[in-house]
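# Structure assessment
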Amino acid sequence: QVQLVESGGGLVQPGGSLRLSCAASGIMFSRTVMGWYRQAPGKLRELVARMTSGVTTKYADSVKGRFTISRDNAKNTLYLQMNSLKPEDPAVYYCSANRPYEPISAPASYWGQGTQVTVSS
């Protein structure tokens, strides 16, 4: 059974930073495309960043240069370092996983429960 558990969300001031983590289990983590998505109230879920098991990454234009996705295959953990947070960044952030060996273009198959990020002064 695949489990994705996010942590690290919270309240931060504009311009601040947060680091999200996603602990994965029940999946061949080192062979799986992982990602972060977010959903704000009244909006559709949108891609934030995705990463292959190697070094290939894909970012939404809105977060390029501010957010960095990374992974520790030895710890089965995915990260999202979020810097220079803006008022438009608040959302529930979800960790995602593909099935093993799928390309980065394939849609995610598994989702975490989400962690809330709030940006407010």
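Below is a summary of the structure that appears in this document. Quantities reported herein were computed from a predicted structural model and do not represent experimental measurements.

Further remarks concern the pairing of strand 7 (residues 67–72). On strand 7, burial follows the alternation: F67, I69 and R71 on one face are buried, whereas T68, S70 and D72 on the facing-out side are not. Relative to strand 8 (residues 77–82), strand 7 is paired through six bridges, and the arrangement is antiparallel. Across the sheet, residue T68 finds its bridge partner in strand 8, namely Q81. The antiparallel hairpin formed by strand 7 and strand 8 contains four residues in its connecting segment, where N76 sits at a positive phi of about 50°.

It is worth spelling out the side chain of R50 at this point. Within the fold, R50 resides in strand 5 (residues 46–51). The buried charged residue R50 lacks any salt bridge, with E102 as its nearest oppositely charged partner at 6.5 Å. A polar contact of 2.4 Å, which involves the side chain of R50, links it to the side chain of N98. Within the structure, the side chain of R50 is placed 2.8 Å from the backbone oxygen of A106, a separation counted as a polar contact.

This next bit is on the side chain of S21. Here S21 shows up in strand 3 (residues 18–25). For S21, the residues in contact, after removing those within four places along its chain, are V5, E6, S7, W36, T77, L78 and Y79.

A few words on the packing of aromatic side chains. All chains considered together, the criterion is met by one aromatic pair. Measuring from centroid to centroid gives 4.9 Å for Y37 and W111, while their planes differ by 70°, and the two rings are edge-to-face. Highlighted residues: Y37 in strand 4 (residues 34–39) and W111 in strand 10 (residues 110–111), separated in sequence by 74 residues. Across from the ring centre of W111, 4.5 Å away, lies the NZ or CZ of R45, which sits over that ring. Just above the ring of F29 sits the side chain of R71; from NZ or CZ to the centre is 4.5 Å.

How each quantity is defined
Residues numbered from 1 in each chain as written. Predicted model: local features only at pLDDT ≥ 70, side-chain atom pairs only at ≥ 80, totals over all residues. Heavy atoms only, no water. Buried < 20%, exposed > 50% of the residue type's maximum accessible area, 1.4 Å probe, protein only. Helix = DSSP H or I, 4+ residues; strand = E, 2+ residues; numbered from the N terminus. Pairing = 2+ DSSP bridges. Lys, Arg positive; Asp, Glu negative; His and termini not counted. Salt bridge = Lys/Arg side-chain N within 4 Å of Asp/Glu carboxyl O. Polar contact = N/O pair within 3.5 Å; in protein donor to acceptor, adjacent residues only side chain to side chain. Contact = heavy atoms within 4.5 Å. Phe/Tyr/Trp six-rings, centres within 6.5 Å; stacked < 30°, edge-to-face > 60°. Lys NZ or Arg CZ within 6 Å of the ring centre and 35° of its normal.

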